[in-house]
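These are the residues of each chain, in order.
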Amino acid sequence: STSAVLRTPAKQWYQRRVRVDTFMDAAVPPKDLVSMESMFIPEPVISMTIKNLNSKDDKRFGDALNRFQKEDPTFKVEFNPENKQMVISGMGELQLDIYAERMRREYECDVELGTPTVNYRETLTKEVPFEVQYKRQSGGRGQYGFAHGIIEPLENNVGELEFVSEVTGGEIPNNFIKSIQKGVVEAMTEGALTGHRVAGIRFVLQGGRTHSVDSSDWAFSRVGYYAIKEHFVKEAVVVEPWVKVEVTAKGEHSGDVMQAISSRDGALKGLDYKEDLCLIEAEAPLQKMFGFTSDLRTRTSGTGIFNMEFSEHKEVQSDLQERLVSDYRDSDKYKNVGHSEFGV
(Lines give C-alpha, C1' and ligand atoms only; values in the text may rest on other atoms or scores of the structure.)
Protein backbone atom coordinates (compact mmCIF):
# COMPACT_ATOMS: atom_id res chain seq x y z
CA SER A 1 0.00 0.00 0.00
CA THR A 2 1.03 3.61 -0.51
CA SER A 3 0.69 6.53 1.89
CA ALA A 4 -0.30 9.67 0.05
CA VAL A 5 -1.01 13.26 1.04
CA LEU A 6 -3.29 15.28 -1.23
CA ARG A 7 -3.67 19.04 -1.12
CA THR A 8 -6.85 20.55 -2.56
CA PRO A 9 -7.34 24.10 -3.85
CA ALA A 10 -9.22 24.87 -0.60
CA LYS A 11 -5.91 24.26 1.24
CA GLN A 12 -7.33 21.30 3.07
CA TRP A 13 -5.16 18.26 3.70
CA TYR A 14 -6.23 14.65 3.48
CA GLN A 15 -4.24 11.49 4.05
CA ARG A 16 -5.32 8.05 2.97
CA ARG A 17 -3.69 4.69 2.33
CA VAL A 18 -4.44 3.32 -1.10
CA ARG A 19 -3.54 0.08 -2.83
CA VAL A 20 -3.77 1.45 -6.36
CA ASP A 21 -2.23 4.40 -8.19
CA THR A 22 -5.25 6.71 -7.84
CA PHE A 23 -5.77 8.84 -4.73
CA MET A 24 -9.37 8.94 -3.49
CA ASP A 25 -11.16 10.20 -0.42
CA ALA A 26 -14.85 10.69 0.23
CA ALA A 27 -14.14 14.28 1.29
CA VAL A 28 -12.36 15.20 -1.95
CA PRO A 29 -14.50 16.49 -4.83
CA PRO A 30 -14.22 14.37 -8.01
CA LYS A 31 -12.63 17.27 -9.93
CA ASP A 32 -9.74 17.34 -7.44
CA LEU A 33 -8.84 13.65 -7.62
CA VAL A 34 -5.23 13.03 -8.55
CA SER A 35 -3.69 9.99 -10.21
CA MET A 36 -0.05 9.03 -10.61
CA GLU A 37 1.57 8.16 -13.92
CA SER A 38 2.44 4.51 -14.44
CA MET A 39 5.99 3.56 -13.57
CA PHE A 40 8.19 2.79 -16.59
CA ILE A 41 9.89 -0.58 -16.14
CA PRO A 42 12.73 -1.07 -18.66
CA GLU A 43 13.24 -4.40 -20.36
CA PRO A 44 16.18 -6.47 -19.01
CA VAL A 45 19.46 -5.99 -20.85
CA ILE A 46 21.44 -8.96 -19.55
CA SER A 47 20.69 -12.63 -18.88
CA MET A 48 22.45 -15.51 -17.15
CA THR A 49 21.59 -19.13 -16.59
CA ILE A 50 21.25 -20.09 -12.93
CA LYS A 51 21.48 -23.62 -11.61
CA ASN A 52 20.54 -25.06 -8.22
CA LEU A 53 23.36 -27.44 -7.37
CA ASN A 54 21.38 -29.46 -4.81
CA SER A 55 17.98 -30.84 -5.81
CA LYS A 56 16.97 -30.99 -2.13
CA ASP A 57 16.91 -27.20 -2.13
CA ASP A 58 14.46 -26.88 -5.06
CA LYS A 59 11.69 -25.41 -2.90
CA ARG A 60 13.94 -22.76 -1.35
CA PHE A 61 15.37 -22.06 -4.81
CA GLY A 62 11.88 -21.43 -6.21
CA ASP A 63 10.83 -19.38 -3.18
CA ALA A 64 13.84 -17.11 -3.57
CA LEU A 65 13.24 -16.49 -7.27
CA ASN A 66 9.55 -15.71 -6.64
CA ARG A 67 10.39 -13.29 -3.84
CA PHE A 68 13.03 -11.43 -5.82
CA GLN A 69 10.65 -10.98 -8.77
CA LYS A 70 8.05 -9.46 -6.46
CA GLU A 71 10.61 -7.14 -4.87
CA ASP A 72 12.26 -5.99 -8.09
CA PRO A 73 10.26 -5.47 -11.32
CA THR A 74 13.48 -5.33 -13.39
CA PHE A 75 14.39 -8.88 -12.30
CA LYS A 76 12.92 -11.57 -14.57
CA VAL A 77 12.96 -15.36 -14.43
CA GLU A 78 12.05 -17.80 -17.18
CA PHE A 79 12.64 -21.43 -18.05
CA ASN A 80 14.25 -22.21 -21.39
CA PRO A 81 12.62 -25.44 -22.63
CA GLU A 82 15.20 -25.96 -25.38
CA ASN A 83 18.18 -26.43 -23.07
CA LYS A 84 16.12 -27.04 -19.90
CA GLN A 85 17.83 -24.22 -18.03
CA MET A 86 16.54 -21.49 -15.73
CA VAL A 87 17.43 -18.01 -16.97
CA ILE A 88 17.50 -14.85 -14.86
CA SER A 89 17.57 -11.40 -16.45
CA GLY A 90 18.10 -7.88 -15.17
CA MET A 91 19.78 -4.54 -15.70
CA GLY A 92 23.36 -5.53 -15.02
CA GLU A 93 25.86 -8.24 -14.10
CA LEU A 94 26.23 -6.93 -10.53
CA GLN A 95 22.47 -7.07 -9.93
CA LEU A 96 22.33 -10.76 -10.88
CA ASP A 97 25.46 -11.55 -8.85
CA ILE A 98 23.84 -9.96 -5.79
CA TYR A 99 20.69 -12.06 -6.12
CA ALA A 100 22.77 -15.22 -6.48
CA GLU A 101 24.68 -14.31 -3.32
CA ARG A 102 21.43 -13.58 -1.46
CA MET A 103 20.19 -17.06 -2.38
CA ARG A 104 23.33 -18.56 -0.86
CA ARG A 105 23.14 -16.51 2.34
CA GLU A 106 19.42 -16.04 2.98
CA TYR A 107 18.09 -19.31 1.55
CA GLU A 108 21.16 -21.56 1.93
CA CYS A 109 20.93 -22.54 -1.75
CA ASP A 110 24.17 -23.34 -3.50
CA VAL A 111 23.69 -21.86 -6.97
CA GLU A 112 25.87 -21.46 -10.02
CA LEU A 113 25.63 -18.67 -12.58
CA GLY A 114 26.45 -19.22 -16.23
CA THR A 115 28.19 -16.88 -18.66
CA PRO A 116 26.25 -13.60 -19.05
CA THR A 117 24.64 -12.85 -22.39
CA VAL A 118 23.44 -9.49 -23.69
CA ASN A 119 19.82 -9.11 -24.79
CA TYR A 120 20.13 -7.69 -28.29
CA ARG A 121 17.08 -6.07 -29.90
CA GLU A 122 15.93 -5.61 -33.49
CA THR A 123 14.49 -2.26 -34.53
CA LEU A 124 14.23 0.25 -37.37
CA THR A 125 15.99 3.47 -38.28
CA LYS A 126 13.62 4.38 -41.12
CA GLU A 127 10.09 3.76 -42.33
CA VAL A 128 9.16 0.52 -44.12
CA PRO A 129 5.93 0.03 -46.16
CA PHE A 130 4.25 -3.36 -46.10
CA GLU A 131 1.65 -5.14 -48.18
CA VAL A 132 0.82 -8.69 -47.13
CA GLN A 133 -1.64 -11.16 -48.56
CA TYR A 134 -2.10 -14.46 -46.79
CA LYS A 135 -3.92 -17.02 -48.92
CA ARG A 136 -4.25 -20.74 -48.45
CA GLN A 137 -6.53 -23.18 -50.28
CA SER A 138 -6.49 -26.91 -49.59
CA GLY A 139 -10.02 -28.06 -50.38
CA GLY A 140 -13.09 -26.69 -48.65
CA ARG A 141 -12.89 -23.35 -46.89
CA GLY A 142 -9.63 -21.49 -47.42
CA GLN A 143 -7.77 -18.80 -45.50
CA TYR A 144 -7.55 -15.24 -46.78
CA GLY A 145 -6.39 -11.91 -45.43
CA PHE A 146 -4.83 -8.80 -46.95
CA ALA A 147 -3.54 -5.58 -45.38
CA HIS A 148 -1.14 -2.74 -46.07
CA GLY A 149 0.46 0.07 -44.11
CA ILE A 150 3.81 1.24 -42.77
CA ILE A 151 6.17 0.29 -39.97
CA GLU A 152 8.29 3.09 -38.53
CA PRO A 153 10.73 3.59 -35.67
CA LEU A 154 9.62 5.07 -32.37
CA GLU A 155 11.62 8.08 -31.19
CA ASN A 156 14.85 6.91 -29.52
CA ASN A 157 13.58 3.32 -29.86
CA VAL A 158 11.81 3.78 -26.52
CA GLY A 159 9.05 1.26 -25.85
CA GLU A 160 8.07 -2.00 -27.48
CA LEU A 161 5.16 -1.54 -29.90
CA GLU A 162 2.76 1.24 -30.78
CA PHE A 163 -0.06 -0.23 -32.87
CA VAL A 164 -2.13 2.31 -34.81
CA SER A 165 -5.16 1.55 -36.99
CA GLU A 166 -6.11 4.10 -39.64
CA VAL A 167 -8.66 1.77 -41.22
CA THR A 168 -11.97 3.47 -41.97
CA GLY A 169 -15.37 2.42 -43.24
CA GLY A 170 -15.16 -1.11 -41.88
CA GLU A 171 -12.64 -2.09 -44.57
CA ILE A 172 -11.25 -4.54 -42.02
CA PRO A 173 -13.54 -5.58 -39.13
CA ASN A 174 -12.31 -4.77 -35.62
CA ASN A 175 -11.88 -8.42 -34.67
CA PHE A 176 -9.51 -8.93 -37.63
CA ILE A 177 -7.58 -5.77 -36.70
CA LYS A 178 -7.01 -7.27 -33.25
CA SER A 179 -5.85 -10.48 -34.93
CA ILE A 180 -3.32 -8.54 -36.99
CA GLN A 181 -1.97 -7.00 -33.79
CA LYS A 182 -1.66 -10.46 -32.20
CA GLY A 183 0.34 -11.67 -35.19
CA VAL A 184 2.61 -8.63 -34.99
CA VAL A 185 3.30 -9.27 -31.29
CA GLU A 186 4.01 -12.95 -31.98
CA ALA A 187 6.54 -12.12 -34.70
CA MET A 188 8.16 -9.41 -32.56
CA THR A 189 8.70 -11.91 -29.76
CA GLU A 190 10.42 -14.34 -32.15
CA GLY A 191 12.46 -11.70 -33.97
CA ALA A 192 12.88 -11.43 -37.73
CA LEU A 193 16.50 -10.65 -38.59
CA THR A 194 18.52 -12.44 -35.90
CA GLY A 195 15.96 -14.16 -33.68
CA HIS A 196 16.16 -11.43 -31.03
CA ARG A 197 13.07 -9.56 -29.83
CA VAL A 198 11.81 -6.62 -31.91
CA ALA A 199 11.29 -3.34 -30.05
CA GLY A 200 10.80 0.37 -30.62
CA ILE A 201 8.42 0.32 -33.60
CA ARG A 202 5.13 1.89 -34.59
CA PHE A 203 2.91 -0.35 -36.72
CA VAL A 204 0.42 1.69 -38.74
CA LEU A 205 -2.38 -0.30 -40.38
CA GLN A 206 -3.82 1.71 -43.27
CA GLY A 207 -6.20 -0.65 -45.08
CA GLY A 208 -6.91 -4.10 -46.42
CA ARG A 209 -9.42 -6.54 -47.89
CA THR A 210 -11.48 -9.43 -46.61
CA HIS A 211 -13.22 -12.41 -48.20
CA SER A 212 -16.80 -13.16 -47.21
CA VAL A 213 -16.05 -16.86 -46.65
CA ASP A 214 -12.31 -17.41 -46.31
CA SER A 215 -11.27 -14.55 -44.04
CA SER A 216 -10.60 -15.56 -40.45
CA ASP A 217 -8.82 -14.46 -37.30
CA TRP A 218 -6.02 -16.89 -38.09
CA ALA A 219 -5.51 -15.56 -41.62
CA PHE A 220 -5.28 -11.95 -40.42
CA SER A 221 -2.96 -12.90 -37.57
CA ARG A 222 -0.65 -14.29 -40.27
CA VAL A 223 -0.89 -10.97 -42.12
CA GLY A 224 0.52 -9.17 -39.08
CA TYR A 225 3.06 -11.92 -38.51
CA TYR A 226 4.46 -11.75 -42.03
CA ALA A 227 4.45 -7.96 -42.10
CA ILE A 228 7.24 -8.25 -39.52
CA LYS A 229 8.92 -11.37 -40.90
CA GLU A 230 9.00 -10.24 -44.55
CA HIS A 231 8.94 -6.43 -44.55
CA PHE A 232 10.27 -5.12 -41.24
CA VAL A 233 13.24 -7.44 -41.74
CA LYS A 234 14.32 -5.63 -44.93
CA GLU A 235 15.40 -2.52 -43.00
CA ALA A 236 15.93 -4.01 -39.54
CA VAL A 237 19.04 -3.26 -37.52
CA VAL A 238 20.36 -4.86 -34.36
CA VAL A 239 20.92 -2.70 -31.29
CA GLU A 240 22.71 -3.48 -28.04
CA PRO A 241 22.55 -1.92 -24.57
CA TRP A 242 25.13 0.70 -23.63
CA VAL A 243 25.84 1.66 -20.04
CA LYS A 244 27.02 4.76 -18.20
CA VAL A 245 30.13 4.02 -16.18
CA GLU A 246 31.54 6.06 -13.29
CA VAL A 247 34.91 5.05 -11.88
CA THR A 248 36.56 6.46 -8.76
CA ALA A 249 40.23 5.68 -8.29
CA LYS A 250 43.49 7.23 -7.13
CA GLY A 251 44.69 9.93 -9.49
CA GLU A 252 47.86 7.99 -10.28
CA HIS A 253 45.73 5.24 -11.85
CA SER A 254 43.65 7.51 -14.13
CA GLY A 255 45.62 6.58 -17.25
CA ASP A 256 45.28 2.85 -16.62
CA VAL A 257 41.53 3.18 -15.97
CA MET A 258 40.95 5.18 -19.17
CA GLN A 259 42.96 2.61 -21.11
CA ALA A 260 40.82 -0.18 -19.65
CA ILE A 261 37.63 1.59 -20.77
CA SER A 262 39.01 2.39 -24.23
CA SER A 263 40.02 -1.25 -24.73
CA ARG A 264 36.33 -2.11 -24.26
CA ASP A 265 35.21 0.31 -26.99
CA GLY A 266 34.14 2.81 -24.35
CA ALA A 267 33.84 6.55 -24.91
CA LEU A 268 35.24 8.95 -22.30
CA LYS A 269 32.67 11.56 -21.20
CA GLY A 270 34.39 13.31 -18.32
CA LEU A 271 37.46 13.40 -16.09
CA ASP A 272 37.68 15.25 -12.78
CA TYR A 273 40.29 15.32 -10.02
CA LYS A 274 39.59 15.95 -6.34
CA GLU A 275 42.55 15.84 -3.98
CA ASP A 276 44.26 12.52 -4.71
CA LEU A 277 41.26 10.91 -6.40
CA CYS A 278 39.95 10.97 -9.96
CA LEU A 279 36.37 10.54 -11.20
CA ILE A 280 36.06 9.14 -14.71
CA GLU A 281 32.74 9.13 -16.57
CA ALA A 282 32.29 7.07 -19.71
CA GLU A 283 29.85 5.07 -21.83
CA ALA A 284 30.48 1.60 -23.17
CA PRO A 285 28.66 -1.38 -24.70
CA LEU A 286 27.46 -3.69 -21.93
CA GLN A 287 28.78 -6.75 -23.76
CA LYS A 288 32.33 -5.41 -23.47
CA MET A 289 32.04 -4.60 -19.76
CA PHE A 290 31.84 -8.20 -18.58
CA GLY A 291 34.82 -8.88 -16.32
CA PHE A 292 35.53 -5.18 -15.75
CA THR A 293 35.44 -5.64 -11.97
CA SER A 294 38.54 -7.83 -11.86
CA ASP A 295 40.28 -5.74 -14.53
CA LEU A 296 39.75 -2.55 -12.51
CA ARG A 297 40.92 -4.24 -9.33
CA THR A 298 44.17 -5.28 -11.04
CA ARG A 299 44.86 -1.89 -12.61
CA THR A 300 44.21 0.08 -9.39
CA SER A 301 45.76 -2.33 -6.88
CA GLY A 302 42.32 -3.05 -5.48
CA THR A 303 41.44 0.59 -4.69
CA GLY A 304 39.21 1.47 -7.67
CA ILE A 305 35.43 1.34 -7.45
CA PHE A 306 32.77 1.86 -10.11
CA ASN A 307 29.05 1.93 -10.72
CA MET A 308 27.23 1.23 -13.93
CA GLU A 309 23.69 1.88 -15.15
CA PHE A 310 21.80 1.38 -18.39
CA SER A 311 22.01 4.34 -20.78
CA GLU A 312 20.50 3.52 -24.19
CA HIS A 313 20.47 1.09 -27.09
CA LYS A 314 22.86 1.70 -29.98
CA GLU A 315 23.42 -0.09 -33.27
CA VAL A 316 25.95 -2.89 -33.14
CA GLN A 317 28.96 -2.89 -35.43
CA SER A 318 28.31 -4.28 -38.91
CA ASP A 319 30.50 -7.37 -38.48
CA LEU A 320 28.62 -8.36 -35.32
CA GLN A 321 25.25 -7.90 -37.03
CA GLU A 322 26.39 -10.05 -39.96
CA ARG A 323 27.46 -12.80 -37.57
CA LEU A 324 24.16 -12.70 -35.67
CA VAL A 325 22.20 -12.86 -38.95
CA SER A 326 24.29 -15.78 -40.22
CA ASP A 327 23.88 -17.75 -36.99
CA TYR A 328 20.11 -17.22 -37.04
CA ARG A 329 19.69 -18.28 -40.67
CA ASP A 330 21.53 -21.50 -39.97
CA SER A 331 19.07 -22.33 -37.18
CA ASP A 332 15.92 -24.45 -37.34
CA LYS A 333 14.01 -21.51 -35.86
CA TYR A 334 14.57 -19.54 -39.07
CA LYS A 335 13.93 -22.45 -41.42
CA ASN A 336 10.50 -23.12 -39.86
CA VAL A 337 9.17 -19.59 -40.36
CA GLY A 338 7.45 -20.24 -43.72
CA HIS A 339 6.18 -17.40 -45.89
CA SER A 340 3.07 -15.53 -47.01
CA GLU A 341 1.76 -15.83 -50.55
CA PHE A 342 3.89 -12.91 -51.72
CA GLY A 343 7.07 -14.24 -50.12
CA VAL A 344 10.16 -12.10 -49.73
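Everything numeric in this text was worked out from a predicted model, so none of it was measured.

Things to note about helix α1 (residues 58-71)
Given 3.6 residues to a turn, an α-helix orients residues that are three or four positions apart in the same direction. For α1, with 14 residues, the first-to-last C-alpha span of 20 Å sits near the 20 Å given by 1.5 Å per residue. Considered for burial, the residues of α1 that qualify are Phe61, Ala64, Leu65 and Phe68. Across the axial projection of α1, the buried residues extend over an arc of 95 degrees, all falling on one side. What points out from α1, more than 90 degrees from its buried face, is the exposed set Lys59 and Lys70. In this fold, the buried residues of α1 make contact with β5 (46-52), β6 (76-80), β7 (85-90), α2 (93-106) and β8 (111-113).

Side note on a nonpolar patch on the surface
Taken together, Leu268, Leu271 and Tyr273 make up a surface patch of nonpolar side chains, about 290 Å² in accessible area. Its place among the elements puts Leu271 in strand β16 (residues 267-274). For Leu271, a relative accessible area of 37% corresponds to the partly exposed category.

A word on unusual backbone geometry
You will see that Glu275, though not glycine, has its phi angle at about 55 degrees, which is positive. Tracing the chain through its elements places Glu275 in the loop between β16 and β17 (277-285). A residue is classified by how much of its surface remains accessible, and Glu275, at 79% relative accessible area, is exposed. Phi at Ser301 is positive, roughly 55 degrees, even though this residue is not glycine.

Quick notes on the sheet that holds strand β11 (residues 128-136)
In spatial order, the strands read β11-β12-β14-β13; together these four strands make up an open sheet with mixed pairing. Each end of this open sheet is capped by a strand with a single partner; those strands are β11 and β13 (161-165). Pairwise comparison of adjacent strand axes, ignoring direction, gives a mean angle of 25 degrees for this sheet. Judged from the nine bridges that link them, β11 and strand β12 (residues 143-153) form a sheet pairing that is antiparallel. What sits directly across from Tyr134, in β12, is Gly145. On the sheet, helix α3 (residues 174-190) packs against β12, β13 and β14 (201-209) and is oriented at approximately 155 degrees with respect to β13. Those strands touched by helix α4 (residues 217-235) are β11, β12 and β14, and its axis lies near 140 degrees from that of β11.

Some words on the confidence of the model for the chain
Averaged over every residue, the pLDDT of the chain is 86; residues scoring 70 or more account for 87%. Ignoring residues within four places in sequence, the model shows residues 1-21, a span with pLDDT below 50, making 39 contacts including any to other chains.

Section: the packing of α3 against α4
Contact geometry for α3 and α4: axes closest at 7 Å, N-to-C directions at 40 degrees. Taken together, the axis directions place α3 and α4 in an arrangement best described as oblique. Relative to α4, α3 is oriented so that their crossing is right-handed. Of the residues in α4, those touching α3 at Asn175, Phe176, Ser179, Ile180, Gly183, Val184, Glu186, Ala187, Met188 and Glu190 are Asp217, Phe220, Ser221, Arg222, Gly224, Tyr225, Ile228 and Lys229. Within the contact of α3 with α4, the residues separate by chemical class into eight nonpolar, five polar and five charged.

Quick word on the pattern of salt bridges
Side-chain pairs of opposite charge can arise where the charged atoms are in close proximity. Following the criterion strictly, the structure yields 19 salt bridges and no others. Arg197 is paired through a salt bridge with Glu160; the nearest N and O atoms lie 2.9 Å apart. Taken together, the positions of Arg197 in the loop between α3 and β14 and Glu160 in the loop between β12 and β13 put the pair 37 residues apart, joining distant regions of the chain. Judged by its relative accessible area of 30%, Arg197 falls in the partly exposed class. Judged by its relative accessible area of 23%, Glu160 falls in the partly exposed class. The salt bridge involving Glu312 is made with Lys314; its shortest N-O contact spans 3.9 Å. Taking the relative accessible area as the measure of exposure, Glu312 reaches 36% and is therefore partly exposed. Connected through shared salt-bridge partners, Arg67, Glu71, Arg102 and Glu106 make up one network.

So, how was this worked out
- Residues numbered from 1 in each chain as written.
- Predicted model: local features only at pLDDT ≥ 70, side-chain atom pairs only at ≥ 80, totals over all residues.
- Heavy atoms only, no water.
- Helix = DSSP H or I, 4+ residues; strand = E, 2+ residues; numbered from the N terminus.
- Expected span 1.5 Å × (residues − 1).
- Buried < 20%, exposed > 50% of the residue type's maximum accessible area, 1.4 Å probe, protein only.
- Arc of directions from axis to C-beta.
- Contact = heavy atoms within 4.5 Å.
- Patch = residues over 30% accessible without salt bridge, like charges linked within 9 Å, V, L, I, M, F, W, Y side chains within 5 Å.
- Areas by Shrake-Rupley, 256 points an atom, 1.4 Å probe, with all protein chains shown as cover.
- Salt bridge = Lys/Arg side-chain N within 4 Å of Asp/Glu carboxyl O.
- Pairing = 2+ DSSP bridges.
- Axes fitted to C-alpha atoms, helices over the stretch in contact; angles between N-to-C directions.
- pLDDT = per-residue confidence, 0-100.
- Parallel < 35°, antiparallel > 145°, perpendicular 65-115°, else oblique.
- Left-handed = near helix turned anticlockwise from the far one by under 90°.
- Nonpolar A, V, L, I, M, F, W, Y, C, P; charged D, E, K, R; others polar.

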